[in-house]
Amino acid sequence: MKWEQRKDLLGLKDLSREEIELVLDTAVPMKDILKRDIKKVPTLRGKAMVTVFYENSTRTRTSFELAGKYLSADTVNLGVSTSSVQKGESLKDTIRTLEMMGFDLMVIRHSMSGTPHYVARNTKMRVINAGDGVNEHPTQALLDMYTIREKKKTLEGLKVAIVGDILHSRVARSNIYGLTKFGCEVRVVGPSTLIPPEVEKLGVKSYYSLEEALKGVDVINVLRIQRERQQKGLFPSLDEYASLYMLQPEHLKLAREDVLVLHPGPMNRGIEISSAIADGNHAVIEEQVTNGVAVRMAILYLMMGGAKDEIAG
């Protein structure tokens, strides 16, 4: 199967299991490059990519930029806050301008769901969704899946609990779409106001009790609680949320002995996750950051057509 037939990466909902496996397999040699003293390979020399983030981001944007630079692509970040966007330039005009500059690929994050899809329909550039509203965050889910597979040796049939604000989480959605394609039993847990009403139609089990949800799970993915949700009255207080849903050491006794703890970052310690867990042996949160660069290198390589014999550099 050739990835080149797919112009854009907009979400995992429409990706096949085989396409996901191709990304994860390609990320393995990419991670080897990251272990070298000299991390640069000539694979994408002559290609140009631009990152356009209408929402703040440190991890995702930096990860994409590093991934591009390690593969020798010319990488530019459009600072939206200092660009013509602030002068009233429309998204369509921004797209056209970037296309005329000769970029091959755009990485875009936007607060409005569906924006990357609109961009993809209106440009010849390849488009990667780096997070759109409450819809999807495909590369985060792919790096989560890579991390799980690397540690567990398989994704097949694992029990995975996703904890927190499922209703507003693009990370949760992409993980659900990806993991269910591998026969995983995905459990979502959080306050009733933060669980989508018909989430079980996505093939998951929903829980309101953290203790019930964690029984026998292989993986716990803890979502970041966004404080603005509390201000909107979707749960009474951060203290109450922490008392009911913060992951603490005693919770791990309910899960499998070799349970993995993931978090997309940045963490709110003492709200959704305790420091004892975040810094403990079960957490693979720092490895997720490294794996994020490797997975994004794999995606750029597949989308911009690097030659196979150039991975070794």
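Residues numbered from 1 in each chain as written. Predicted model: local features only at pLDDT ≥ 70, side-chain atom pairs only at ≥ 80, totals over all residues. Heavy atoms only, no water.

Asker: I keep staring at the domain arrangement of the protein and nothing clicks. Help me out?
Answerer: Accessible area lost on assembly of the parts is the figure often given for the size of an interface. Its domain assignment divides the protein into domain 1 (3-136 + 290-305) and domain 2 (138-284). Of note, the centres of domain 1 and domain 2, computed from C-alpha atoms alone, are 26 Å apart. Opposite the 34 residues of domain 1 that make contact, domain 2 presents 26 residues. Here domain 1 meets domain 2 over a buried area of about 2500 Å², counting both sides, of which 61% is carbon and sulfur. Here domain 1 is connected to domain 2 by four salt bridges. The salt bridge partner of Glu55 is Arg170, with a shortest N-O separation of 2.9 Å. Put simply, domain 1 and domain 2 have 13 residue pairs in polar contact (both at pLDDT 80 or more) between them. Put simply, the parts of the chain that give the side of domain 1 that touches domain 2 at least two residues each are α1 (17-34), α2 (59-70), β3 (105-110), β4 (126-132) and α12 (285-303). (Domains from an automatic or database assignment. Contact = heavy atoms within 4.5 Å. Buried area = accessible area lost by both parts, 1.4 Å probe. Salt bridge = Lys/Arg side-chain N within 4 Å of Asp/Glu carboxyl O. Polar contact = N/O pair within 3.5 Å; in protein donor to acceptor, adjacent residues only side chain to side chain. Helix = DSSP H or I, 4+ residues; strand = E, 2+ residues; numbered from the N terminus.)

Asker: I tried to follow the pairing of strand β6 (residues 185-189) on my own but got confused; where do I start?
Answerer: On any regular strand, side chains alternate: one points to one face of the sheet, the next to the other face. Here β6 lies mainly inside the structure; four of its five residues are buried. By the bridge criterion, five bridges tie strand β5 (residues 159-163) to β6 in an arrangement that is parallel. Among the inter-strand pairings, Ile162 is bridged to a residue of β6, identified as Val188. Between the parallel elements β5 and β6, the chain passes through helix α6 (residues 170-180) in a crossover that is right-handed. (Buried < 20%, exposed > 50% of the residue type's maximum accessible area, 1.4 Å probe, protein only. Pairing = 2+ DSSP bridges. Right-handed = clockwise from strand over helix to strand, strands pointing away.)

Asker: Explain the side chain of Thr123 to me, please; I cannot follow it from the model alone.
Answerer: Of note, Thr123 is situated in the loop between α4 (115-121) and β4. A polar side-chain atom of Thr123 sits 2.5 Å from a polar atom in the side chain of Glu99. Discounting chain neighbours no more than four positions away, the residues touching Thr123 are Lys7, Ile95 and Glu99.

Asker: Would you take a moment to explain α12 for this structure?
Answerer: Helical periodicity: at 3.6 residues per turn, an α-helix aligns residues three or four positions apart in one direction. With 19 residues, α12 should cover 27 Å at 1.5 Å per step; its first-to-last C-alpha distance of 27 Å lies within 8% of that length. Counting buried positions along α12 gives 15 out of 19 residues, so the element sits mostly inside the fold. A positive backbone phi angle near 70 degrees is found at Gly305, which sits one or two residues after α12. (Expected span 1.5 Å × (residues − 1).)

Asker: Explain the pairing of strand β8 (residues 219-222) here, please?
Answerer: Residues Val219 and Asn221 of β8 are buried on one face, and the alternating residues Ile220 and Val222, pointing to the opposite face, are buried as well. As judged from the four bridges shared by β5 and β8, these two strands associate in the parallel manner. Residue Ile162 lies in a different strand from β8, and its bridge partner there is Asn221.

Asker: Would you mind showing me how to read the UniProt feature "binding site: carbamoyl phosphate" (unreviewed entry) in the protein here?
Answerer: Here the UniProt-annotated "binding site: carbamoyl phosphate" (unreviewed entry) positions come out as Arg59, Thr60, Arg109, His137, Gln140, Gly265 and Pro266. Of the annotated positions named here, the largest pocket is lined by Arg59, Thr60, Arg109, His137, Gln140, Gly265 and Pro266. By the element assignment, Arg109 lies in strand β3. Its relative accessible area of 8% is what places Arg109 among the buried residues. Residues contacting Arg109, with those up to four places away along its chain left out, are Val52, Phe53, Tyr54, Glu55, Asn56, Ser57, Thr60, Ala130, Gly131, His137 and Arg170. (UniProt positions renumbered as here; feature names shortened; annotations may be inferred. 1 Å grid on protein atoms, 1.4 Å probe; cavity = no way out; pocket = protein on both sides within 12 Å on 5 of 7 lines; lining within 4 Å.)

Asker: Would you mind showing me how to read the pattern of salt bridges here?
Answerer: One side chain can pair with another of opposite charge once the charged atoms of both are near each other. Per the stated rule, a full pass over the model turns up 18 salt bridges. Ionic pairing is found between Arg61 and Glu65, a salt bridge with its closest N-O pair at 3.2 Å. A residue pair is termed a helical-turn pair when its members lie 3 or 4 positions apart in one helix, as Arg61 and Glu65 do in helix α2 at four residues. On the accessibility criterion, Glu65 (13% relative accessible area) is buried. Asp258 is the partner of Lys152 in a salt bridge, and the nearest nitrogen-oxygen pair spans 3.2 Å. Taken together, the positions of Lys152 in helix α5 (residues 138-152) and Asp258 in the loop between α10 (249-252) and β9 (260-262) put the pair 106 residues apart, joining distant regions of the chain. In the salt-bridge network here, residues are joined through shared partners; they are Lys152, Asp218, Arg256 and Asp258.

Asker: What exactly am I supposed to notice about the sheet that holds strand β2 (residues 74-78) here?
Answerer: Pairing between the strands of a sheet comes from backbone hydrogen bonds, and it takes one of two forms, parallel or antiparallel. Strand order in this open sheet of four strands is β2-β1-β3-β4, and the pairing throughout is parallel. Of all the strands in the sheet, the pair left with one neighbour each is β2 and β4. Going from strand to strand, the sheet's axes swing by 15 degrees on average, the running direction of each strand aside. Direction of pairing for strand β1 (residues 48-53) relative to β2: parallel, over a ladder of five bridges. Note that in β2 the partner of Met49 across the bridge is Thr75. Across the sheet, helix α3 (residues 91-100) touches β1, β2 and β3, and the angle it forms with β3 is around 155 degrees. (Axes fitted to C-alpha atoms, helices over the stretch in contact; angles between N-to-C directions.)

Asker: Is there a simple way to explain the packing of α5 against α6 in this structure?
Answerer: The relative placement of two packed helices comes down to the angle between their axes together with the axis-to-axis distance. One way to put it is that α5 packs onto α6 with a least axis distance of 8 Å and a crossing angle of 55 degrees. Comparing the axis directions of α5 and α6 gives the class oblique. In this structure, the crossing between α5 and α6 has a hand that is right-handed. Contact with α5, carried on its side by Pro138, Gln140, Ala141, Asp144, Met145 and Ile148, involves Val171, Ser174, Asn175, Gly178 and Leu179 of α6 and no other residues of that element. (Parallel < 35°, antiparallel > 145°, perpendicular 65-115°, else oblique. Left-handed = near helix turned anticlockwise from the far one by under 90°.)

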